[in-house]
Amino acid sequence: MSEPFSVRVTVRGYETDVQGHVNQSVYINYAEHARWSLLQAAGITQTGLIGKGVGPVALETTIRYKRELLAGDEVDVTCAFEWSGGKTFRIRQIMSKADGTVAAELTAVGGLLDLKERRMVANPQDYFKELAADPSLFGL
């Protein structure tokens, strides 16, 4: 299996809290940034998703904080999709400092929403395969 997709983020001072470490909500922003970066790298755009009448939705997010991140830290955020064959998929993400220290582990459950019917579509991986120039980035 190949390495998961990864994007590097530098912690900005305004993302920290009174303790000087990254505010909890910022981890979700980093995760979301990595997901959209993966979509872009695979050739999937928001316009393409809307054109197919679907949009990604987050159903559940769990974060395990391991080590603090401070302003100026460089963080690699991975993104790996896991497909169940149903209406949902899982995204596993690891946020590691440049030295390899794991700062956080994030697991999310998502799906694709039919924008007209307002219901989850069956087999979202089929949409990703069709829209992506490189479906292998999603493990497809």
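Just above, that's the structure.
Residues numbered from 1 in each chain as written. Predicted model: local features only at pLDDT ≥ 70, side-chain atom pairs only at ≥ 80, totals over all residues. Heavy atoms only, no water.

**Structural notes on the nonpolar core**
Within the largest apolar cluster, 35 residues are counted, with the highest numbers of intra-cluster contacts made by Y30, M95 and F138. Breaking this core down by element, the ones donating at least two residues are strand 1 (5–10), helix 1 (24–42), strand 2 (54–65), strand 3 (74–83), strand 4 (88–97), strand 5 (102–114) and helix 3 (124–131). For F138, the contacting residues outside a window of four places in its chain are L38, L39, A42, I44, F81, W83, F128 and A132. (Core = buried A, V, L, I, M, F, W, Y, C linked by side-chain atoms within 4.5 Å. Buried < 20%, exposed > 50% of the residue type's maximum accessible area, 1.4 Å probe, protein only. Helix = DSSP H or I, 4+ residues; strand = E, 2+ residues; numbered from the N terminus. Contact = heavy atoms within 4.5 Å.)

**Quick look at the pairing of strand 3**
With six bridges joining them, strand 1 and strand 3 adopt antiparallel strand pairing. Counterpart to V9 in the pairing with strand 3 is V75. As judged from the seven bridges shared by strand 3 and strand 4, these two strands associate in the antiparallel manner. When the sheet's bridge partners are listed, A80 is paired in strand 4 with R92. The loop that links strand 3 with its antiparallel partner strand 4 comprises four residues; one of these, G85, has a positive phi angle of about 90°. (Pairing = 2+ DSSP bridges.)

**Regarding helix 1**
Look at helix 1: 28 Å from first C-alpha to last across 19 residues, which is about the 27 Å you get at 1.5 Å a residue. All of the buried residues in helix 1 are V26, Y27, Y30, A31, A34, R35, S37, L38, L39 and A42. Buried residues along helix 1 sit in contact with strand 1, strand 2, strand 3, strand 4, strand 5 and helix 3. A positive phi of about 95° marks G43, the residue just after helix 1. (Expected span 1.5 Å × (residues − 1).)

**Details of the layout of surface pockets**
Empty space within the second largest pocket amounts to approximately 200 Å³. Lining the second largest pocket are 15 residues, and of these E32, R35, P56, V57 and I91 lie nearest its centre. Breaking the lining of the second largest pocket down by element, the ones donating at least two residues are helix 1, strand 2, strand 4 and strand 5. Across the lining of the second largest pocket, the residue classes tally to eleven nonpolar, two polar and two charged. (1 Å grid on protein atoms, 1.4 Å probe; cavity = no way out; pocket = protein on both sides within 12 Å on 5 of 7 lines; lining within 4 Å. Points joined across faces, edges and corners; volume = space filled by probe spheres on them. Nonpolar A, V, L, I, M, F, W, Y, C, P; charged D, E, K, R; others polar.)

**A closer look at the packing of aromatic side chains**
Using the criterion set out here, one finds nine aromatic pairs in the structure. Their ring planes at 75° and their centres at 4.9 Å tell us that Y27 and Y65 sit as a pair that is edge-to-face. One end of the pair, Y27, is in helix 1; the other, Y65, is in strand 2, and 38 residues separate them in sequence. Owing to a relative accessible area of 4%, Y27 belongs among the buried residues under this scheme. A relative accessible area of 43% means that Y65 is categorised as partly exposed. Ring centres 5.7 Å apart and planes at 80° place the aromatic pair F89 and F128 in the edge-to-face group. One end of the pair, F89, is in strand 4; the other, F128, is in helix 3, with 39 residues separating them in the sequence. In this pair, the class of F89 matches that of F128, namely buried. (Phe/Tyr/Trp six-rings, centres within 6.5 Å; stacked < 30°, edge-to-face > 60°.)

**Details of the pattern of salt bridges**
Any two side chains of opposite charge can pair, so long as their charged atoms come close to each other. Tallying each qualifying case throughout the model produces seven salt bridges. Across the pair R8 and D76 runs a salt bridge, and its minimum N-O distance is 2.8 Å. One end of the pair, R8, is in strand 1; the other, D76, is in strand 3, and 68 residues separate them in sequence. Residue R8 is classed as partly exposed on the basis of its relative accessible area of 43%. Two residues, E32 and R35, come together in a salt bridge whose shortest N-O distance is 3.1 Å. Of the two residues, E32 and R35 both sit in helix 1, three residues apart, roughly one turn of that helix. We classify E32 as partly exposed; its relative accessible area is 33%. What you see here is one network of salt bridges that share partners, running through R8, E74 and D76. (Salt bridge = Lys/Arg side-chain N within 4 Å of Asp/Glu carboxyl O.)

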